[in-house]
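# Close look at the chain arrangement
Spelled out, the chains give:
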Amino acid sequence: MFSNDRNIETIGQLAEVLKHYLGLQKEYVKLDVIEKVVKLITILTLSLIFAFLVMLMLIYFSFAAAYALVPHVGAVGAFSIVAVFYLFVLLLFCIFRKRWIEKPVVRFLANLLMEK
């Protein structure tokens, strides 16, 4: 029963189909990895550009705020107030870094890498 030519031919066809399927799965995994890497690079690039533009904007706003305060508290006082404000913002980011930075980044990466 197992030795007739029809069974051997069917097993051979099954082996060919399985080999083709595994090749397609391999290609699918490659394309999926490439898609995710491209998304990560794109988001990283956009984030860097956004961060650079926000930094430039903050520099100009900081100088504008300091020069607006100069008539009221003097030059040293004005720049000190702006510096203390940024120190306060830095402390807030240090205190809430997990909630504001780590958790959203981990959630984003997990969603990106685990999506089908």
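Procedures and definitions
- Residues numbered from 1 in each chain as written.
- Predicted model: local features only at pLDDT ≥ 70, side-chain atom pairs only at ≥ 80, totals over all residues.
- Heavy atoms only, no water.
- Salt bridge = Lys/Arg side-chain N within 4 Å of Asp/Glu carboxyl O.
- Helix = DSSP H or I, 4+ residues; strand = E, 2+ residues; numbered from the N terminus.
- Buried < 20%, exposed > 50% of the residue type's maximum accessible area, 1.4 Å probe, protein only.
- Expected span 1.5 Å × (residues − 1).
- Bend = angle between axes of the 7 residues up to and from the residue.

Take the pattern of salt bridges next. The final tally for this structure, using the stated rule, is five salt bridges. Where Lys 39 meets Glu 35, a salt bridge forms, and the shortest distance between an N and an O atom there is 3.8 Å. Taken together, the residues span about one helical turn, with Lys 39 and Glu 35 both in helix H1 (residues 5-95) at a distance of four residues. Residue classification places Lys 39 among the partly exposed positions, given a relative accessible area of 30%. Residue Lys 98 pairs with Glu 102 through a salt bridge whose shortest N-O separation is 3.6 Å. Placement of the pair is Lys 98 and Glu 102 together in helix H2 (residues 97-114), with a separation of four residues, close to one helical turn. In this structure Lys 98 comes out as partly exposed when scored by relative accessible area, which is 49%. Here the residues in one salt-bridge network are Arg 97, Lys 98 and Glu 102, joined through shared partners.

With 91 residues, H1 ought to run about 135 Å at 1.5 Å a step, yet its terminal C-alpha atoms sit only 74 Å apart, falling short of that. The sharpest bend along H1 comes to roughly 130°, located at Val 73. Every buried residue of H1 is accounted for by Lys 36, Ser 62, Ala 66, Ala 78 and Val 82.

So, about H2. Taking 1.5 Å per residue as the helical rise, H2 with its 18 residues ought to reach 26 Å, and the 24 Å between its terminal C-alpha atoms agrees with that figure. Maximal helix bending in H2 amounts to about 30°, located at Lys 103; proline Pro 104 follows within four positions.

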